[in-house]
Amino acid sequence: MPVEMRMWRIDGADPKPLTTSVLPAEKDLHEFLKRDPSLLGDRLLVIGSEVTTPYGPRLDLLAIDAEGNLNLLELKRDKTPREVVAQVLDYGSWASTLSRDAIIDIATKHLDQSFEAAFEDVFGSAPPDDLNGDLSLIIVAAELDASSERIVNYLRYFGVPVNAVFFSYLEDDGRRYLARSWLTASDDETPQATTGNKKSKRAAWNGKDWYISFGGGDRVWEDARQYGFVSGGGGKMWSQDMRALPKDARIWVNVPPMRYVAVGRVLAPAARFEDAQVRIGGNWVPLSAQALQGTYPGDPATADDNAEWVVPVEWIDARPLDAGFWEKGMFASQHSACKLRQEFTLGRLADHFNIDDGE
């Protein structure tokens, strides 16, 4: 049956019902959600308002969550007719085809800063490589007729990610309140439907740029800078990352917590520290024989997954820690090495280190 929101104020032993009033104009509720989409219960970043679609009508609000999934919000004042269900499904069919670039283009037109910086402001991290893996279709209303409610529940049973949220407007002694309730609890075990071809919604990789996180343990950046190497290990994830770096890859080095300090080219595949060689003055020499400030595990008895793996590098530009570069929204990862796809980060780094695409 349709949802009804009622509230009472407790005065002594006698509950006093709060007066339910007509919602403010739809544009007011639109502005409330635009300014603070957390009214829906989850952190969201609004990336579009009155978004034009190829089919004529405009989607009220387009938002994105911390996992990069899109949330479509369609508002209808007071009683919502069944037609709005068809409308939000139509919007969903369009949004499911949006590529990463299309999403960022929509966001750029709406936001007053870059998409990456706005995403980090809300969620505390750079956006994921994959965007629009899943959709949430949300009807925002004062109430929903029983027929529409049945349709929404039926669609959800078959994995269509649609739901309805209800806002009630209440008054009490001159104070105004906005109350929220969902048609279906968000933690219901409803089958999840993914949105089409996820591959097209992942940041493209140019085939050469890699991210490096150098630090942790007793590793010292000045060693790597002076002798031309990066390294990682101490666990399967980090050792495998280093061993995946191909010869001639271009690497961008971030020293945690967050500062990019170098760009270079991989000279050879990774080797265990005790076997690693670096190129100094045109000659290959054992890294373990150099006057290193840090301590790098080099026990031959250590299993490969836990060993320290070293990748020799020719630096294009390597700077001290105090000259490190960081800008809000740039990519960072706990992996010791991974493909660097984010165009925002690559563009900022290329400008900062004066690198053109031919290097």
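Residues numbered from 1 in each chain as written. Predicted model: local features only at pLDDT ≥ 70, side-chain atom pairs only at ≥ 80, totals over all residues. Heavy atoms only, no water.

**Q** How do you make sense of the overall build of the chain when you look at a structure like this?
**A** When helices and strands are counted, the chain shows 8 helices and 18 strands. Here the C-alpha atoms of the chain give a radius of gyration of 27 Å, more than 25% beyond the 21 Å that 2.2 N^0.38 yields for 359 residues. Counting only C-alpha atoms, the chain reaches 85 × 55 × 35 Å along its principal axes. Taking contacts inside the chain between residues at least 6 apart in sequence as the whole, the part at least 24 apart equals 70%. With an accessible surface of roughly 17,600 Å², the chain has 48% of that area assigned to carbon and sulfur atoms. Averaging the coordinates of the 39 positive side-chain charges in the chain and doing the same for the 55 negative ones gives two points 2 Å apart. (Helix = DSSP H or I, 4+ residues; strand = E, 2+ residues; numbered from the N terminus. Rg over C-alpha atoms; globule rule 2.2 N^0.38 Å. Contact = heavy atoms within 4.5 Å. Areas by Shrake-Rupley, 256 points an atom, 1.4 Å probe, with all protein chains shown as cover. Lys, Arg positive; Asp, Glu negative; His and termini not counted. Charge placed at Lys NZ, Arg CZ, Asp CG, Glu CD.)

**Q** Help me understand the environment of I64, please; the structure alone is not making it clear to me.
**A** Looking at where I64 falls in the secondary structure, it is placed in strand β5 (residues 58-64). The class for I64 is buried, based on a relative accessible area of 0%. For the pair formed by I64 and F119, sequence separation is 55 residues and the distance between their alpha carbons is 8.8 Å. Sequence-distant contacts of I64, defined by excluding residues within four places in its chain, comprise L44, L45, I47, N69, L70, N71, F115, F119, F123 and L131. (Buried < 20%, exposed > 50% of the residue type's maximum accessible area, 1.4 Å probe, protein only.)

**Q** Looking at this structure, how should I read the environment of Y55?
**A** Of note, Y55 is situated in the loop between β4 (45-52) and β5. For the pair Y55 and W94, spaced 39 residues apart in the sequence, the C-alpha separation amounts to 8.7 Å. Once residues lying within four places of it in the same chain are set aside, the contact partners of Y55 are D90 and W94.

**Q** Looking at this model, I keep getting lost on the packing of aromatic side chains. Mind explaining?
**A** Aromatic rings in a pair are described by how distant their centres are and how their planes are angled relative to each other. Tallied over the full model, the rule gives 14 aromatic pairs. Where W221 meets W315, the ring centres are 5.5 Å apart and the plane angle is 65°; that geometry is what we call edge-to-face. Highlighted residues: W221 in helix α6 (residues 221-227) and W315 in strand β17 (residues 308-318), separated in sequence by 94 residues. An identical accessibility class is assigned to W221 and W315; each is buried. Taken together, F214, W221, F229, F273, Y296 and W315 form an aromatic cluster joined through their ring pairs. A cation over an aromatic ring shows up here: R243 above the ring of W309, its NZ or CZ 4.6 Å from the ring centre. (Phe/Tyr/Trp six-rings, centres within 6.5 Å; stacked < 30°, edge-to-face > 60°. Lys NZ or Arg CZ within 6 Å of the ring centre and 35° of its normal.)

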